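# An overview of the molecular structure
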Amino acid sequence: MMNMTEKTVLVTGGLGYIGSHTVVELLVAGYQVIVVDNLSNSERFIFDRIIKIAQKEPVFYQDDVCDLAAMSNIFKKHQVDVVIHFAAFKSVGESVEKPLLYYQNNLISLLNILQLVQENSVEGLVFSSSATVYGEPDVLPATEETPFIKALSAYGSTKQMGEEIIEMVTSSGVFKAISLRYFNPVGAHETALIGELPKGIPNNLFPYVTQTAKGKLAMLTVFGDDYNTVDGTCVRDYIHVVDLAKAHLAACRRIINQECQSASEVYNIGTGNGTTVLEIIKQFEATTDKLLPYKIGARRPGDAEAVYADSSKAEKELLWKATLNLKDMIQSSWAWENTL
Ligand SMILES: NC(=O)c1ccc[n+]([C@@H]2O[C@H](COP(=O)([O-])OP(=O)(O)OC[C@H]3O[C@@H](n4cnc5c(N)ncnc54)[C@H](O)[C@@H]3O)[C@@H](O)[C@H]2O)c1
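Worth saying up front: this structure is predicted, and the values here are computed from it rather than measured.

## Considerations on the layout of surface pockets
Space inside the second largest pocket adds up to approximately 190 Å³. Together, Glu 25, Ala 188, His 189, Glu 190, Ala 192, His 240, Val 242, Lys 246, Leu 324, Asp 328, Ser 332 and Ala 335 line the second largest pocket. Within the residue set of the lining of the second largest pocket, elements represented by two or more residues are α8 (241-256) and α11 (326-337). With 3 residues, the top contributor of residues to the lining of the second largest pocket is α11. Of the residues assigned to the lining of the second largest pocket, the class counts are 5 nonpolar, 3 polar and 4 charged.

## Overview of the site of the ligand
Taken together, 27 residues form the shell around the ligand, and within it Asp 37, Asn 41, Lys 90, Asn 105 and Tyr 155 come nearest. A distance of 3.2 Å separates an oxygen atom of the ligand from a polar atom in the backbone of Gly 16. Relative to its unbound accessible area of 820 Å², the ligand is 95% covered by the protein chains. Taken together, the elements giving at least two residues each to the shell around the ligand come down to α1 (17-28), β5 (124-130) and α6 (154-171). Broken down by element, the residue count for the shell around the ligand peaks at 3 residues, all from β5. Partitioning the shell around the ligand into residue classes produces 12 nonpolar, 10 polar and 5 charged.

## Looking at the pattern of salt bridges
Under the counting rule described, the total for this entry stands at 11 salt bridges. For Arg 299, the salt bridge goes to Asp 226, with nearest N and O atoms at 2.9 Å. Of this pair, Arg 299 sits in the loop between β13 (294-297) and α10 (312-318) while Asp 226 sits in the loop between β8 (220-223) and β9 (235-236); the two residues are 73 residues apart in sequence, bridging distant segments of the chain. Linking Glu 317 and Arg 254 is a salt bridge whose minimum nitrogen-to-oxygen distance equals 3.6 Å. Separated by 63 residues along the polypeptide, Glu 317 in helix α10 and Arg 254 in helix α8 bring together distant segments of the chain.

Cut-offs and rules
Residues numbered from 1 in each chain as written. Predicted model: local features only at pLDDT ≥ 70, side-chain atom pairs only at ≥ 80, totals over all residues. Heavy atoms only, no water. 1 Å grid on protein atoms, 1.4 Å probe; cavity = no way out; pocket = protein on both sides within 12 Å on 5 of 7 lines; lining within 4 Å. Points joined across faces, edges and corners; volume = space filled by probe spheres on them. Helix = DSSP H or I, 4+ residues; strand = E, 2+ residues; numbered from the N terminus. Nonpolar A, V, L, I, M, F, W, Y, C, P; charged D, E, K, R; others polar. Near = heavy atom within 4 Å. Polar contact = N/O pair within 3.5 Å; in protein donor to acceptor, adjacent residues only side chain to side chain. Areas by Shrake-Rupley, 256 points an atom, 1.4 Å probe, with all protein chains shown as cover. Salt bridge = Lys/Arg side-chain N within 4 Å of Asp/Glu carboxyl O.

Note that all results are geometric; they support no functional claim without further evidence.
Here it is, written out as C-alpha cells:
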C-alpha cells in the first residue's frame, strides 16, 4: 500500500459542486491537492470553505483548462500523480441551445488534460461521466454493459465522446483512466459550508424542492404523472454528493496502487435505489416538517421514465458503496439551502 500523503492529485473544476466535496475528502485523507477552476460556475468563497472544513489548504489556480499553455505551466510546477477532471459545463437544456459551446468546453478541456497527463508521467485520470450515457435503458438496473443510446443533447454527447476518446488514448498510452458514471448527485456537506450553487432557475429536482420550500420559488412542477412507475412520476437514483466524492478517492487509490485491470475502466456510481419524484416530495415533507406546494405538469421532453444503477462492479472492484440514505440527502440539502 502506497503512502497517500506523498501523492498529489490535481482536481479540475475543484470549486464546483462535486469537485469541492471531493477536494475536502482528498485533503482529509492526506493527499496534496491542486485545484484548477475558472469560476465559470462556482464562487471563490468555496475555496475558503474547503479550508475551513478540511483544516488544510489546497493550491489554487484560477485558470481555464481549455488554456493549454496555462495548464502546461501548472504541470511543470508540480509533480502530479493523478488528475480528477470535473471541469465541464453540465446543463442538458443549455447544451441543446448552445451545442458548440459544450463541445468546445467539455472536449477541449479533456483533450488538454489527456495530453498533459501523457506528457508528464501522471499515473492516471479519473473522469466525470454520467448516467446520461445510457439514455432510457431498456433493462434496469443499468449495468456498465448497458449500451449507450444516441445522445439527445450535446451534453450527453460530450460524455459519450469523452469516454470513447479516453478509451482510445489510454489503449496506446502509458497511463490508466477510470470513468465514473454518476447517477443523480444531491445533498451537501454535513457542515452546510459547501453544497450545490445553482444559477438561475434550477434544472434539477433537489434545488427546486429546497428553493420552493424556502419560498424562493412559488411552486414545484412535477413533470408528468402518467409514466409506467409506482406512482406515475419519474424514477431516479439519487446519490449523496459525499458518497460520490468518496468514490473518487477509491478510484485514485486503485490507480495509485496499480490495481486497474485494464487501461480504461468504467464504473456506475449510484445507490441502486430508484425513487420517484412524489416519494421525494413526501420524504422531504416528513423530514423537514415543511409543506411543499406542487402541481402536476406535462411531461418534459427528453426525460427518461426510470433510471437507476447496478453499482455492484464499483462495490467489488473499487471497494466503494454508498452509505448515506435519502433522509441524509434531504437533511443536508435543506441545511445548506438555509445558509444561502
Ligand atoms: N451534478 C450532476 O448532476 C452531474 C451528473 C453527472 C455528471 N456530472 C459531471 O460532473 C462534473 C462536475 O459537476 P458539478 O455538478 O460539480 O458541476 P459544477 O458546475 O458545479 O462544477 C464544475 C466546475 O468546473 C468549472 N469549470 C467549467 N469549465 C471549466 C474550464 N474550462 N476550466 C476551468 N474550470 C472550469 C466550473 O467553474 C465549476 O466550478 C461535470 O463534468 C459534470 O458534467 C455532474
